[in-house]
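Each chain, letter by letter, is given below.
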Amino acid sequence: RGNIYLSGAGPSAWHEEYPVAKGKRQSPVDINTNKTKFDPKLAADPLTIRFSDSCCQSIVNTGISFQVTSNGAGCELSGGPLDSTYQFAQFHAHWGAYLKTTGSEHTVDGVSYPAELHLVHWNTKYDDFKDAVDKPDGLAVIAVFFKRGKEHPGFGKIQDLFSKIPAKGAKVNIDFEFNPGLLMPPDSENYWTYLGSLTTPPLYESVTWIVMKEPLEVSVEQIAILRTLLWETPNGVSQMYNNFRPPVPLRDRVIRASFG
Ligand SMILES: NS(=O)(=O)c1ncc[nH]1
Ligand SMILES: [Zn+2]
(Lines give C-alpha, C1' and ligand atoms only; values in the text may rest on other atoms or scores of the structure.)
(Ligands and ions follow the chains in the order given, each with its own letter.)
Protein backbone atom coordinates (compact mmCIF):
# COMPACT_ATOMS: atom_id res chain seq x y z
CA ARG A 1 0.00 0.00 0.00
CA GLY A 2 1.44 3.37 -0.99
CA ASN A 3 1.68 6.70 0.79
CA ILE A 4 -1.69 7.30 2.51
CA TYR A 5 -1.37 11.09 2.15
CA LEU A 6 -0.21 11.19 -1.48
CA SER A 7 -1.82 8.19 -3.16
CA GLY A 8 -5.20 8.87 -4.81
CA ALA A 9 -7.01 11.84 -3.37
CA GLY A 10 -5.30 11.43 0.03
CA PRO A 11 -7.27 11.93 3.29
CA SER A 12 -10.47 12.87 1.44
CA ALA A 13 -10.51 9.37 -0.13
CA TRP A 14 -9.74 7.38 3.04
CA HIS A 15 -13.50 6.75 3.54
CA GLU A 16 -13.47 4.42 0.50
CA GLU A 17 -11.38 1.86 2.36
CA TYR A 18 -12.26 3.05 5.90
CA PRO A 19 -15.94 4.11 6.03
CA VAL A 20 -15.44 5.23 9.67
CA ALA A 21 -13.58 8.23 8.15
CA LYS A 22 -17.03 9.83 7.92
CA GLY A 23 -17.94 8.72 11.45
CA LYS A 24 -19.39 10.64 14.40
CA ARG A 25 -16.19 10.97 16.45
CA GLN A 26 -13.36 11.53 13.97
CA SER A 27 -10.16 13.57 14.44
CA PRO A 28 -8.60 16.05 14.07
CA VAL A 29 -11.05 18.93 14.50
CA ASP A 30 -10.93 22.71 14.60
CA ILE A 31 -11.06 24.00 18.18
CA ASN A 32 -13.47 26.95 18.03
CA THR A 33 -12.64 28.69 21.30
CA ASN A 34 -16.03 30.41 21.30
CA LYS A 35 -17.72 27.02 21.53
CA THR A 36 -15.49 25.17 24.01
CA LYS A 37 -16.99 24.62 27.48
CA PHE A 38 -15.03 25.12 30.70
CA ASP A 39 -15.47 22.03 32.90
CA PRO A 40 -14.39 22.61 36.54
CA LYS A 41 -14.31 18.81 37.07
CA LEU A 42 -11.21 18.69 34.85
CA ALA A 43 -9.28 20.87 37.26
CA ALA A 44 -10.84 19.19 40.33
CA ASP A 45 -9.09 15.94 39.40
CA PRO A 46 -5.93 17.30 37.75
CA LEU A 47 -4.44 15.53 34.75
CA THR A 48 -1.38 13.64 35.99
CA ILE A 49 1.29 13.21 33.34
CA ARG A 50 4.19 11.07 34.49
CA PHE A 51 7.22 10.47 32.25
CA SER A 52 10.61 8.96 33.15
CA ASP A 53 14.18 9.14 31.84
CA SER A 54 14.12 5.46 30.93
CA CYS A 55 10.91 5.11 28.97
CA CYS A 56 12.11 5.62 25.37
CA GLN A 57 13.75 2.58 23.78
CA SER A 58 14.00 3.19 20.04
CA ILE A 59 13.06 5.37 17.09
CA VAL A 60 11.64 4.07 13.80
CA ASN A 61 10.69 5.55 10.43
CA THR A 62 7.06 4.40 10.06
CA GLY A 63 6.84 5.64 6.49
CA ILE A 64 4.49 8.46 7.55
CA SER A 65 6.41 9.92 10.51
CA PHE A 66 9.21 9.20 12.96
CA GLN A 67 8.06 7.23 16.01
CA VAL A 68 9.83 7.02 19.37
CA THR A 69 8.62 3.81 21.01
CA SER A 70 8.43 3.03 24.69
CA ASN A 71 7.82 0.04 26.93
CA GLY A 72 5.93 2.54 29.08
CA ALA A 73 7.88 1.87 32.27
CA GLY A 74 7.13 4.70 34.68
CA CYS A 75 5.25 6.68 32.06
CA GLU A 76 1.56 6.96 32.84
CA LEU A 77 -1.35 9.35 32.38
CA SER A 78 -4.45 9.66 34.59
CA GLY A 79 -6.95 12.17 35.96
CA GLY A 80 -8.56 15.04 34.08
CA PRO A 81 -11.00 13.49 31.57
CA LEU A 82 -9.63 9.98 32.12
CA ASP A 83 -11.36 7.35 34.28
CA SER A 84 -8.43 4.95 34.16
CA THR A 85 -4.63 4.86 34.03
CA TYR A 86 -3.15 5.01 30.55
CA GLN A 87 0.38 3.84 29.74
CA PHE A 88 2.70 5.67 27.33
CA ALA A 89 3.38 3.78 24.08
CA GLN A 90 4.97 6.14 21.57
CA PHE A 91 5.32 9.68 20.27
CA HIS A 92 5.42 10.92 16.69
CA ALA A 93 4.54 14.12 14.84
CA HIS A 94 2.79 15.62 11.80
CA TRP A 95 4.08 18.66 9.87
CA GLY A 96 3.71 20.80 6.75
CA ALA A 97 5.76 21.97 3.79
CA TYR A 98 8.51 24.61 3.37
CA LEU A 99 7.23 28.18 3.87
CA LYS A 100 3.69 26.96 4.48
CA THR A 101 1.70 27.78 7.62
CA THR A 102 -0.14 24.45 7.65
CA GLY A 103 1.23 21.30 9.31
CA SER A 104 -0.68 20.65 12.50
CA GLU A 105 -3.74 18.38 12.53
CA HIS A 106 -5.87 20.21 15.07
CA THR A 107 -6.41 23.92 14.42
CA VAL A 108 -7.41 26.68 16.86
CA ASP A 109 -10.01 29.11 15.56
CA GLY A 110 -9.07 27.97 12.06
CA VAL A 111 -5.34 28.61 12.57
CA SER A 112 -2.76 25.87 11.96
CA TYR A 113 0.62 25.47 13.64
CA PRO A 114 3.64 24.30 11.62
CA ALA A 115 3.68 20.90 13.37
CA GLU A 116 1.92 18.82 16.03
CA LEU A 117 3.40 16.20 18.38
CA HIS A 118 1.31 13.22 19.54
CA LEU A 119 2.12 11.28 22.72
CA VAL A 120 0.06 8.08 22.50
CA HIS A 121 -1.09 6.18 25.61
CA TRP A 122 -3.26 3.04 26.00
CA ASN A 123 -5.79 2.17 28.72
CA THR A 124 -4.27 -0.34 31.15
CA LYS A 125 -7.69 -1.93 31.72
CA TYR A 126 -6.85 -3.72 28.43
CA ASP A 127 -4.06 -6.27 28.03
CA ASP A 128 -1.88 -4.22 25.69
CA PHE A 129 -1.88 -1.48 23.02
CA LYS A 130 -3.20 -3.81 20.32
CA ASP A 131 -6.13 -4.82 22.51
CA ALA A 132 -6.87 -1.20 23.45
CA VAL A 133 -6.41 0.44 20.02
CA ASP A 134 -9.97 -0.09 18.76
CA LYS A 135 -11.95 0.32 22.04
CA PRO A 136 -13.99 3.50 22.65
CA ASP A 137 -11.91 4.27 25.80
CA GLY A 138 -8.79 2.51 24.51
CA LEU A 139 -6.36 5.38 23.88
CA ALA A 140 -5.46 8.83 25.20
CA VAL A 141 -3.27 11.08 23.05
CA ILE A 142 -1.64 14.29 24.25
CA ALA A 143 -1.27 16.74 21.36
CA VAL A 144 1.36 19.49 21.62
CA PHE A 145 1.51 22.22 18.96
CA PHE A 146 4.97 23.25 17.71
CA LYS A 147 5.55 26.97 17.18
CA ARG A 148 8.60 28.58 15.55
CA GLY A 149 10.78 30.28 18.15
CA LYS A 150 13.80 29.41 20.23
CA GLU A 151 15.61 26.15 19.67
CA HIS A 152 14.55 23.13 21.75
CA PRO A 153 17.75 21.18 22.52
CA GLY A 154 15.81 18.19 23.91
CA PHE A 155 13.87 17.64 20.71
CA GLY A 156 17.15 18.24 18.87
CA LYS A 157 18.56 15.07 20.48
CA ILE A 158 15.74 13.07 18.88
CA GLN A 159 16.21 14.84 15.54
CA ASP A 160 19.93 13.94 15.61
CA LEU A 161 18.77 10.33 15.07
CA PHE A 162 16.79 11.08 11.90
CA SER A 163 19.83 10.49 9.67
CA LYS A 164 19.98 6.93 11.05
CA ILE A 165 16.42 6.08 9.93
CA PRO A 166 16.42 7.16 6.29
CA ALA A 167 13.76 4.78 5.02
CA LYS A 168 10.45 3.18 5.99
CA GLY A 169 11.06 0.43 8.55
CA ALA A 170 14.49 1.69 9.58
CA LYS A 171 14.88 1.56 13.39
CA VAL A 172 17.67 2.38 15.86
CA ASN A 173 17.95 2.08 19.63
CA ILE A 174 18.00 5.21 21.75
CA ASP A 175 21.07 4.67 23.94
CA PHE A 176 20.73 7.87 25.94
CA GLU A 177 18.17 8.92 28.52
CA PHE A 178 15.34 10.92 26.98
CA ASN A 179 12.42 12.06 29.12
CA PRO A 180 9.35 12.82 26.92
CA GLY A 181 8.33 15.28 29.63
CA LEU A 182 10.85 17.61 27.96
CA LEU A 183 8.33 17.92 25.10
CA MET A 184 5.50 19.21 27.23
CA PRO A 185 4.88 22.99 27.06
CA PRO A 186 5.86 25.07 30.10
CA ASP A 187 2.20 25.26 31.08
CA SER A 188 0.47 21.87 30.67
CA GLU A 189 -2.43 22.76 32.97
CA ASN A 190 -4.47 24.36 30.20
CA TYR A 191 -5.81 21.90 27.66
CA TRP A 192 -8.87 21.05 25.60
CA THR A 193 -10.31 17.54 25.57
CA TYR A 194 -12.85 15.70 23.40
CA LEU A 195 -13.64 12.18 22.22
CA GLY A 196 -12.15 11.44 18.80
CA SER A 197 -10.19 9.00 16.71
CA LEU A 198 -6.83 8.02 15.29
CA THR A 199 -5.97 10.58 12.60
CA THR A 200 -4.47 7.89 10.34
CA PRO A 201 -6.08 4.74 8.97
CA PRO A 202 -7.66 2.62 10.42
CA LEU A 203 -9.08 5.81 12.06
CA TYR A 204 -10.44 3.85 15.06
CA GLU A 205 -12.79 5.97 17.22
CA SER A 206 -10.83 5.09 20.34
CA VAL A 207 -9.02 8.28 21.38
CA THR A 208 -9.62 10.69 24.24
CA TRP A 209 -7.77 13.73 22.90
CA ILE A 210 -5.94 16.06 25.28
CA VAL A 211 -4.78 19.08 23.26
CA MET A 212 -2.39 21.41 25.10
CA LYS A 213 -3.34 25.07 24.75
CA GLU A 214 0.24 26.33 24.98
CA PRO A 215 2.52 25.45 22.06
CA LEU A 216 6.10 24.24 22.47
CA GLU A 217 8.75 26.45 20.86
CA VAL A 218 11.23 24.87 18.47
CA SER A 219 13.50 26.66 16.01
CA VAL A 220 12.65 27.28 12.37
CA GLU A 221 15.60 25.00 11.52
CA GLN A 222 14.12 22.22 13.65
CA ILE A 223 10.84 22.48 11.74
CA ALA A 224 12.87 22.14 8.53
CA ILE A 225 14.78 19.13 9.88
CA LEU A 226 11.47 17.24 10.18
CA ARG A 227 11.40 17.28 6.38
CA THR A 228 14.80 15.55 6.16
CA LEU A 229 13.03 12.29 6.98
CA LEU A 230 12.23 10.37 3.81
CA TRP A 231 9.15 8.54 2.58
CA GLU A 232 7.91 6.75 -0.53
CA THR A 233 5.77 8.73 -2.94
CA PRO A 234 4.18 7.79 -6.27
CA ASN A 235 7.23 9.53 -7.82
CA GLY A 236 9.87 7.72 -5.73
CA VAL A 237 11.55 8.37 -2.39
CA SER A 238 11.45 12.01 -1.29
CA GLN A 239 11.34 14.33 1.69
CA MET A 240 8.56 13.65 4.21
CA TYR A 241 6.12 16.54 4.72
CA ASN A 242 2.35 17.28 4.73
CA ASN A 243 1.79 14.07 6.72
CA PHE A 244 -1.28 15.57 8.40
CA ARG A 245 -5.04 14.98 8.12
CA PRO A 246 -6.98 18.26 7.88
CA PRO A 247 -9.78 18.89 10.44
CA VAL A 248 -13.06 17.00 10.01
CA PRO A 249 -16.58 17.98 11.21
CA LEU A 250 -17.07 18.14 15.00
CA ARG A 251 -20.60 16.70 14.57
CA ASP A 252 -22.47 16.31 17.86
CA ARG A 253 -19.52 16.91 20.20
CA VAL A 254 -18.50 19.64 22.65
CA ILE A 255 -14.82 20.31 23.29
CA ARG A 256 -14.23 20.85 27.02
CA ALA A 257 -11.60 23.23 28.41
CA SER A 258 -9.69 22.67 31.66
CA PHE A 259 -9.46 26.46 32.06
CA GLY A 260 -11.89 29.34 32.27
N1 LIG B 1 -2.01 10.32 14.71
S2 LIG B 1 -2.59 9.48 15.94
O3 LIG B 1 -1.92 9.87 17.17
O4 LIG B 1 -4.02 9.61 15.94
C5 LIG B 1 -2.23 7.81 15.68
N6 LIG B 1 -1.63 7.03 16.59
C7 LIG B 1 -1.52 5.79 16.08
C8 LIG B 1 -2.06 5.83 14.82
N9 LIG B 1 -2.51 7.09 14.57
ZN1 LIG C 1 -0.53 11.50 15.18
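Keep in mind that this is a model prediction, so the values were computed, not measured. (Residues numbered from 1 in each chain as written. Chains lettered and ligands numbered in written order. Predicted model: local features only at pLDDT ≥ 70, side-chain atom pairs only at ≥ 80, totals over all residues. Heavy atoms only, no water.)

Along the protein, the regular secondary structure elements total 5 helices and 17 strands. Relative to a compact globule of 260 residues, whose C-alpha radius of gyration would be 18 Å, the protein shows 17 Å and is just as compact. Principal-axis analysis of the C-alpha atoms places the extent of the protein at approximately 50 × 40 × 40 Å. Here the protein holds 260 residues, and the buried ones make up 54% of them. In the form shown here, the protein has an accessible surface area of approximately 11800 Å², with 52% of it arising from carbon and sulfur atoms. (Helix = DSSP H or I, 4+ residues; strand = E, 2+ residues; numbered from the N terminus. Rg over C-alpha atoms; globule rule 2.2 N^0.38 Å. Buried < 20%, exposed > 50% of the residue type's maximum accessible area, 1.4 Å probe, protein only. Areas by Shrake-Rupley, 256 points an atom, 1.4 Å probe, with all protein chains shown as cover.)

On inspection of all chains with the given rule, the structure shows 7 salt bridges. Here Asp-134 ties to Lys-135 by a salt bridge, and the two come within 2.9 Å at their closest N and O atoms. Judged by its relative accessible area of 24%, Lys-135 is partly exposed. What emerges from the salt-bridge pattern is a single network uniting Asp-39, Lys-41 and Arg-256. (Salt bridge = Lys/Arg side-chain N within 4 Å of Asp/Glu carboxyl O.)

On to the packing of aromatic side chains, then. Scanning the model with the defined rule gives 12 aromatic pairs in all. For the ring pair Phe-91 and Phe-178, a centre distance of 6.0 Å and an interplane angle of 40 degrees mean the geometry is tilted. In this pair, Phe-91 is assigned in strand E7 (residues 86–95) and Phe-178 in the loop between strand E11 (171–173) and strand E12 (191–196), connecting sequence segments 87 residues apart. For the pair formed by Phe-91 and Phe-178, the shared burial category is buried. Members of the aromatic cluster, connected to one another through ring pairs, are Phe-51, Phe-66, Phe-88, Phe-91, Trp-95, Phe-146, Phe-155, Phe-162 and Phe-178. Just above the ring of Tyr-126 sits the side chain of Lys-135; from NZ or CZ to the centre is 5.6 Å. Lying over the aromatic face of Phe-176, Lys-157 brings its terminal NZ or CZ to 4.4 Å of the ring centre. (Phe/Tyr/Trp six-rings, centres within 6.5 Å; stacked < 30°, edge-to-face > 60°. Lys NZ or Arg CZ within 6 Å of the ring centre and 35° of its normal.)

Looking now at the coordination of the zinc ion (ligand 2). Coordination of the zinc ion (ligand 2) by the protein involves His-92 (NE2), His-94 (NE2) and His-118 (ND1), with metal-donor separations of 2.0 Å. Metal-centred angles of 100 to 117 degrees between the 4 donor atoms at the zinc ion (ligand 2) mark the site as tetrahedral. Mapping the donors of the zinc ion (ligand 2) onto the primary sequence yields the spacing H-x1-H-x23-H. One end of the pair, His-92, is in strand E7; the other, His-118, is in strand E9 (residues 115–123), and 26 residues separate them in sequence. Accessibility classification places His-92 together with His-118 in one group, the buried group. (Donors = N, O, S within 2.8 Å, 3.2 Å for Na, K, Ca; no water. Tetrahedral: all angles 85-135°; square planar, octahedral: opposite > 155°, others 65-115°.)

Turning to the side chain of Ser-84, a few remarks are in order. With respect to the element layout, Ser-84 can be found in the loop between strand E6 (76–78) and E7. A relative accessible area of 19% places Ser-84 in the buried class. A polar contact of 2.6 Å, which involves the side chain of Ser-84, links it to the side chain of Asn-123. Setting aside chain neighbours within four positions, we find Ser-84 in contact with Leu-77, Ser-78, Asn-123, Thr-124 and Lys-125. (Polar contact = N/O pair within 3.5 Å; in protein donor to acceptor, adjacent residues only side chain to side chain. Contact = heavy atoms within 4.5 Å.)

The subject of this paragraph is the pairing of E9. The buried fraction of E9 amounts to 9 of the 9 residues, a majority that puts the element mostly inside the structure. Residue alternation in E9 divides its side chains into two sets, Ala-115, Leu-117, Leu-119, His-121 and Asn-123 and Glu-116, His-118, Val-120 and Trp-122, and both sets are buried. As paired elements, E7 and E9 share 9 bridges and run antiparallel to each other. By the bridge assignment for E9, His-92 is matched with His-118. (Pairing = 2+ DSSP bridges.)

The topology assignment puts His-152 in the loop between strand E10 (139–148) and helix H4 (153–159). One polar contact links the side chain of His-152 to the main-chain amide nitrogen of Phe-155, over a distance of 3.0 Å. For His-152, the contacting residues outside a window of four places in its chain are Leu-182, Leu-183, Leu-216, Glu-217, Val-218, Ser-219 and Gln-222.

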